[in-house]
Every structure is written in C-alpha cells, then in structure tokens.
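Residue-level structural notes
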Amino acid sequence: MLKKPIIGILMPGDMGHGIAKVLIQNNFDVFTFLKGRSERTKLLAKNSKINDVKNLKSFLEKVEIILSIIPPENAYEQATTIANHKLEISKKITYVDCNAISPALCLEIQKLFNVKKIDFIDGGIVGLNPIIEKGKTRLYVSGPNSNKLDILNGNGLIVKNLGKQIGQASAFKMIYASATKGTFALYAAVITAAHKYNLYDEYLEELEFSKPDILKSMEKIVPKIPLDAKRWEGEMYEIMKTFENINLTSKFHEGSAEIMKLANKTSISKENRQSFNQNRTLKEAVEMYVKAINED
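This report concerns the structure included in the present document. The residue numbering used here restarts from 1 in each chain and proceeds along that chain's sequence as written. In view of the model being predicted, local features appear only for residues whose pLDDT reaches at least 70, and side-chain atom pairs are presented and counted only at 80 or more, with totals across whole chains, interfaces and linings using the full set of residues. Values shown for side chains rest on all heavy atoms present in the structure; no hydrogens or waters enter the calculation.

1. Let's talk about a negative patch on the surface
- On the surface, Glu202, Glu205, Glu206, Glu208 and Glu219 cluster together into a negatively charged patch.
- A run of DSSP states H or I qualifies as a helix once it reaches four residues; a run of E qualifies as a strand once it reaches two. Both are numbered from the N-terminal end. The biggest single contributor to the negative patch is helix α8 (residues 200–210), with four residues.
- Residue burial is assigned from relative accessible area. The probe radius is 1.4 Å, only protein chains are included, and a residue is buried under 20% of its type maximum, exposed over 50%, and partly exposed in between. Overall, the relative accessible area of 41% leaves Glu206 in the partly exposed class. Nonpolar side chains (Val, Leu, Ile, Met, Phe, Trp, Tyr) are joined into patches within 5 Å and like charges within 9 Å, using only residues with over 30% relative accessible area and no salt bridge. Surface exposure here means Shrake-Rupley accessible area, sampled with a 1.4 Å probe, where a residue is shielded only by the protein chains that are shown. What makes a salt bridge here is a side-chain nitrogen of Lys or Arg within 4 Å of a carboxyl oxygen of Asp or Glu, nothing more. Only four residue types enter the tally: Lys and Arg on the positive side, Asp and Glu on the negative side; His and the chain ends are excluded. Positions of charges follow a simple convention, taking NZ of Lys, CZ of Arg, CG of Asp or CD of Glu.

2. Description of the pattern of salt bridges
- Enumeration over the complete set of coordinates arrives at 15 salt bridges.
- Between Lys241 and Glu238 there is a salt bridge, with its nearest N and O atoms 3.1 Å apart. Note that Lys241 and Glu238 are positioned in helix α10 (residues 225–244) at a spacing of three residues, about one turn of the helix.
- Under the relative-accessibility criterion, Lys241 is labelled partly exposed at 43%.
- In this structure Glu238 comes out as buried when scored by relative accessible area, which is 6%.
- Overlapping salt bridges, with partners in common, bring together Lys92, Asp119 and Lys148 in one network.

3. Side note on the sheet that holds strand β7 (residues 138–142)
- An order of β3-β2-β1-β4-β5-β6-β7-β8 is seen for the eight strands of this open sheet, with the pairing classed as mixed. Since the sheet does not close on itself, it has two edges, and those belong to β3 (51–52) and β8 (158–161), each with one partner.
- Here strand β1 (residues 7–10) runs beside strand β2 (residues 30–32); their pairing, made up of two bridges, is parallel. Across the sheet, the residue bridging to Gly8 is Phe31, located in β2.
- Here, residues are in contact when the closest pair of their heavy atoms is within 4.5 Å. Orientation is described by lines fitted to C-alpha atoms, with helices fitted over the stretch in contact, and by angles between N-to-C directions that extend from 0 to 180 degrees. Where helix α4 (residues 75–84) meets the sheet, its contacts fall on β1, β4 (65–68) and β5 (93–97), and the angle it forms with β5 comes to roughly 170°. Strand pairing is assigned whenever DSSP detects at least two bridges linking the two strands.

Everything listed here is a matter of coordinates, which is why it stays silent on function.
Okay, structure coming up:
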C-alpha cells in the first residue's frame, strides 16, 4: 500500500477547506497555517479539522504536496513567497498551482520553481466544493511530475491528467470557466437590463413560455454571483489573457469582468455561503444590481 503524502493547503477558504476535509476523511494528514487569515477562514479550517501550524517555516517542514487554492490575483505572490523559502526546505516537495490563471501566468510561476527541492504541477479545479459534489470535484493537472497527484484520485477528488505540458491544466480551466461563469455574467446583465427598461415581468413571462431552462438557471445563479464576484472578476481577466494569447477576442470576458465588478458592489457581496439569504428572489437580487448601477 502506498504511503499517503502529507498535504498542505494554501488557503482553506470556500474551496480549500472542502478539499482538505475530504482528504482528511480519506486518511490524509492535512496542514495549513492561519496566521493573518480571517476569522471565517479559521473557523472553516477548524471545522474541517485541518492541522494549523504557527508559521510558514513549520508548514514547509511538515508537508510533501502543497495545493495552492487562492484568488487568481494572488497566485504569483504566493508562489513567490514559497519559492523564496526554498533554503528552508529539507526534503523534496511538490507545489500544485490549482488557481484560475492563464497558461501564460502559469508558465511564469513555473519559472519560480526551477530549483531541485520543489517540483511544480499545473492544476485547475472544475466543479463545486467536494463536500457538495460528494467526491466528484475534478482536479485537472499537467506537467512532467503530474503523476504525483494520482494518489489523490478517488480520495474525495477526481484527478484528471492532461499530460506533461505545463499550461494545459490552466488552459482547460480557463476554457471551462469562460463558458460557465461567462454565461452567469451574461444572465445577470440581461435580467438587469430587462429591469432597467421596465420589462422585467414581460421578459420572465416570455422565458417561462419559450426558454424555461434559462429562467431556471437565472433564478439559481444570479442571486449568488455576488458571493464570488470579487474572485471571479480576477478570473475573467485571466480568461481574457488566455483568449488573447491565441488571437481570439477577449471582449466577451472583458464585459463579464465588468458584471462581476457590479455584482461585487451589491449588498449581497457582504454575505458568504454560510450567511447567504436562501429565500431571496431573483427579482430582489436584480433590484440590488440595479441599485448598484444607480449608485455609480
């Protein structure tokens, strides 16, 4: 039986704590360090039974595989911090960038880890928190050392290996999110426009008649976009770079970024997945989007 590597999670937020929890349930030891983190993150980590150590040095002494799971705009900075502590690493470790970043940024991060003691793997998470997905969250990986994550497959996650090329997992994540979150942004923009033109009720009546699946999706996702809008805005910029790199238009996701910015201005953005008002209607949510426009 293969010895299970010790896992480090940076950081245990909405997605990170869920991945940690399912790995712990599958008998992996999981560590993080919470100094300077929010009280909510600390509570999520505690509830998931993640081991907390006092500082980064102690963290690096403990772990064998690091999963970086943070907002995309912080991915390079965090990787730089880890790389700068390479002299404190006494054994071989693996750093997996699981963030929603462009292939180009992933390749820049890889350059930080051209050291003997750190192997780098490109990663991309597709799906919801694995607690919600019940073990079906997909972790796409690529790179020369990507088979090191085979051991996580079936242990609360599905690991899908895209080969030896760094950037492929990031590209896959960007392509997938370009359709899903790009569509979320489009739905929010369309329903908000209907409200602004005093056509909200008429538009919903037409959707109920001709496109009930679209209406159902709007009702499900538009009120929740503000919970993730700040992070998703950064993700839209990374998708823009991904498309630009292959000479495809970035305009779709430039608009999506603007909608995420708008959603983040609504009062819903002050809630989180634990405090979110599940009874809020689509119309109530759209009225908050409209209010945010009017306050600009």
